[in-house]
Amino acid sequence: MSISTLSELLEQGQSAFVCYDLGRRIQSIDADTFRAIEQQQAPYPYPVQGHACFAVVFWPQLADQRQEPYLWFLKFPVDERGLLEQAQVLQFVTSVLTLLGNQITHALDDAQQQQLQQSPFLFTPAEEKRAALHAQLSQRWQREPSQHFAKAQLILQQPDDWQQLGVQGLHDVCARLAELPQCQHAIADRFAAYPVPLRQALAIALEHQQLPDAMVAPLVHQLTQAPKRSELRADLLRSLASQSNHAAVVTLLNTLLPTASVDELVICCARLWQAFDPLQTKHVALLVLLQALAAQDNNVFAALISDLLRLPSLRPHLMVTLQRDDLPQSIRQAWQQFIGRH
């Protein structure tokens, strides 16, 4: 039997596995969807900069559950439809088979480890994404959080010694907020008042986890009070990423977008894209977003519209909207200039 996909490679190696997107928000991709992606039967749902960036977490099927899993951080190109470039995946699979055979969960010697790390398809995610992934995995497998967990809870409730905060502890707290009502209240009440470095680290941690519904209204309220084009407003937007299709967030975006800074527009496109999907929200902010993008210079419009068009869930709605007869002139002009450059 020839092996041409990662799923086949892992199954032949008698490994169980789970997959997580690492490109936009850290979120799991179920096994059936991942197999469909590998077979080009479905587009990769969350591409970024023309690539699928994801983690494959695997372990021997018969292993003790306490054994640490293996991690591959992988990056493969996708075409404009979002379909995975199968030839690139096959190249990686072939290199692993050549190096390891089917024994992919056996310990590697130094030479094998060095050779595997030279693969052009492996990459190292940012520290906060690795921390977010580890927080989700420990919760998924009901393992104890990191040693920094308790300290992080205390700091969020009383941030006097916030410099002592461990990044992993912060992500562990954010992954478990549903079980931590005191931390929910503390963040909802204090977010805008936290020291800037703590607030920014918290915003990044929150964007990768599921924000409890009870925290949406307080954070939305703080965002309405934040100065326009401020770092605080950008941080609050990031913190709401998991609730981008919440009615209060969509309503807020319709109000905020006309005065959004470039940084805020980047966050909206990269993290809150579901707010602009007509199948996800009732009060679609897509046209408002396009007007905000068209008000920027041509390079900003081109970069962000290219990113949005790569999202399979948004692409058909964008194309229909951009071909409307009643499209505002500013958007039509920006779109025509974009087409002329591409």
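Shown above is the structure to which this text applies.
About the criteria used
Per-chain numbering applies: the sequence of each chain, read as written, is numbered from 1 onward. Under the rules for a predicted model, residues below a pLDDT of 70 receive no local features and side-chain atom pairs below 80 are neither given nor counted, while totals for whole chains, interfaces and linings still include all residues. Hydrogens and waters are ignored; side-chain quantities use all the structure's heavy atoms. Lines are fitted to the C-alpha atoms to define the axes, a helix being fitted only along its stretch in contact, and any angle between axes, read from their N-to-C directions, falls within 0 to 180 degrees. Secondary structure follows DSSP: runs of H or I at least 4 residues long count as helices, runs of E at least 2 residues long count as strands, and numbering of each begins at the N terminus. When describing relative orientation, an angle under 35 degrees is termed roughly parallel and one over 145 degrees roughly antiparallel, while 65 to 115 degrees is termed roughly perpendicular and anything else oblique. In this scheme the crossing of two helices becomes right-handed for a clockwise turn of the near helix relative to the far one and left-handed for an anticlockwise turn of less than a right angle. We call two residues in contact when some of their heavy atoms are within 4.5 Å. Throughout, nonpolar core names a set of buried Ala, Val, Leu, Ile, Met, Phe, Trp, Tyr and Cys residues whose side chains join them through atoms within 4.5 Å. We call a residue buried when its accessible area falls under 20% of the maximum for its residue type, exposed when it is over 50%, and partly exposed in between, using a 1.4 Å probe and counting protein chains only. Gly falls in the polar group here, along with every residue not listed as nonpolar (Ala, Val, Leu, Ile, Met, Phe, Trp, Tyr, Cys, Pro) or charged (Asp, Glu, Lys, Arg).

### Describing the packing of helix α7 (residues 167–175) against helix α9 (residues 196–207)
And step 1. At a minimum axis separation of 9 Å, α7 and α9 run at an interaxial angle of 45 degrees. Compared by their axis directions, α7 and α9 come out oblique. Relative to α9, the crossing made by α7 is right-handed. Contact with α7, carried on its side by L170, H171 and C174, involves A201, L202, I204, A205 and L206 of α9 and no other residues of that element.

### Section: the nonpolar core
And step 1. Residues L6, W72, L74, F92, L257 and F276 are the most contacted members of the largest nonpolar core, which totals 100 residues.
And step 2. Contacts of L74, omitting those with residues within four sequence positions, involve L6, A52, C53, F54, V56, F92, F121, L122 and F123.
And step 3. Grouped together as the second largest cluster of nonpolar side chains are ten residues, L22, A55, A132 and L133 included.

### Some details on unusual backbone geometry
And step 1. Although it is not a glycine, Q49 sits at a positive phi angle of roughly 50 degrees.
And step 2. In this structure Q49 comes out as exposed when scored by relative accessible area, which is 71%.
And step 3. Its identity is not glycine, yet Q142 carries a phi of approximately 55 degrees, on the positive side.
And step 4. By relative accessible area, which is 76% here, Q142 ends up exposed.

### Re the packing of helix α11 (residues 231–239) against helix α13 (residues 262–271)
And step 1. Between α11 and α13, the shortest axis-to-axis distance is 9 Å and the interhelical angle comes to 5 degrees. Between α11 and α13, the crossing angle belongs to the class labelled roughly parallel. Facing R233, A234, L237 and R238 of α11, the residues of α13 in contact are E264, I267, C268 and R271.
And step 2. In terms of residue class, the contact of α11 with α13 is made up of four nonpolar, no polar and four charged.

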